[in-house]
Amino acid sequence: MKKTKWWLIVVGVFYLLLTCMNLYALFFDNSIIRGTLPPPVNDDTLKAFSDAWMVFIFEFGVLGGMCVYASHTPAQSRLLMLTVIFAEVFRGIAADAIWMTRGYSTADYIPFIIIHLIIIVTGVMWLPKKAP
């Protein structure tokens, strides 16, 4: 259960750090977001992407907070971990792959796909067993 606890803490803190970094980009320095979008980028495009991205970032914050909270009772975290694992598959790898086919930077998204894979594989390895 120790590995499960640490998985929850590491993933949770990672998600919370991503949340903070992205909230900064959304509300204080949108040039960061502008630089990640494929051209042409105008103010309407940036606003639409930022509004949609904000929902994604709020999800990260909630999942991160819940992972850290669940680390206090890792044996009971199976459903949360499965939620994170499947989110990493679809919101992570599948979405990144689709974005790359639509012109987003492969150099930006390949490292994230590797991170998604690490979270998925270690999550599956350290998933608490089902209760009898």
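These notes cover the structure that comes with them. Everything quoted here is computed from the prediction, not taken from an experiment.

### Let's talk about helix α3 (residues 43-70)
Spanning 28 residues, α3 covers 40 Å between terminal C-alpha atoms, matching the ideal 40 Å at 1.5 Å per step. Of the residues making up α3, those classed as buried are Leu46, Phe49, Ser50, Trp53, Phe56, Ile57, Phe60, Gly61, Leu63, Gly64, Cys67 and Ala70. Looking at the buried side of α3, the elements it contacts are α1 (2-27), α2 (31-34) and α4 (78-101). One side-chain oxygen at the N-terminal end of α3 lies 3.0 Å from the backbone nitrogen of aspartate 44; it belongs to asparagine 42.

### Looking at the nonpolar core
Judged by nonpolar contacts, the single largest core of 29 residues is most densely connected at Trp7, Leu8, Val11, Tyr15, Ile33, Leu80 and Val84. Every element with two or more residues in this core is listed here: α1, α3, α4 and α5 (106-125). Here this core takes 9 residues from α3, the largest share from any one element. If we skip the residues at most four places from it in the chain, isoleucine 33 touches Ala25, Leu26, Leu46, Phe49 and Ser50.

### Section: the packing of α1 against α4
Packing of α1 against α4 brings their axes to within 12 Å, and their N-to-C directions diverge by 50 degrees. Overall, the two elements α1 and α4 adopt an arrangement that is oblique. Relative to α4, α1 is oriented so that their crossing is left-handed. Every residue of α4 that contacts α1 at Thr4, Trp7, Leu8, Val11 and Tyr15 is listed here: Leu80, Met81, Val84, Glu88 and Arg91.

### Here we look at the packing of aromatic side chains
Summed over the entire model, instances satisfying the criterion amount to 11 aromatic pairs. Each ring, one from phenylalanine 49 and one from tryptophan 53, has its centre 5.3 Å from the other, and the planes form 20 degrees; the classification is stacked. One end of the pair is phenylalanine 49 and the other is tryptophan 53, both in helix α3 and 4 residues apart, which spans about a single turn. The exposure classification of phenylalanine 49 matches that of tryptophan 53, with both residues buried. On the numbers, 6.3 Å between centres and 90 degrees between planes, the contact of tyrosine 104 with tyrosine 109 is edge-to-face. Note on accessibility: tyrosine 104 and tyrosine 109 belong to one class, buried. Taken together, the ring pairs in this structure connect Phe14, Tyr15, Phe49, Trp53, Phe56, Phe60, Trp99, Tyr104 and Tyr109 into an aromatic cluster.

Reading the values: rules and limits
Residues numbered from 1 in each chain as written. Predicted model: local features only at pLDDT ≥ 70, side-chain atom pairs only at ≥ 80, totals over all residues. Heavy atoms only, no water. Helix = DSSP H or I, 4+ residues; strand = E, 2+ residues; numbered from the N terminus. Expected span 1.5 Å × (residues − 1). Buried < 20%, exposed > 50% of the residue type's maximum accessible area, 1.4 Å probe, protein only. Contact = heavy atoms within 4.5 Å. Polar contact = N/O pair within 3.5 Å; in protein donor to acceptor, adjacent residues only side chain to side chain. Core = buried A, V, L, I, M, F, W, Y, C linked by side-chain atoms within 4.5 Å. Axes fitted to C-alpha atoms, helices over the stretch in contact; angles between N-to-C directions. Parallel < 35°, antiparallel > 145°, perpendicular 65-115°, else oblique. Left-handed = near helix turned anticlockwise from the far one by under 90°. Phe/Tyr/Trp six-rings, centres within 6.5 Å; stacked < 30°, edge-to-face > 60°.

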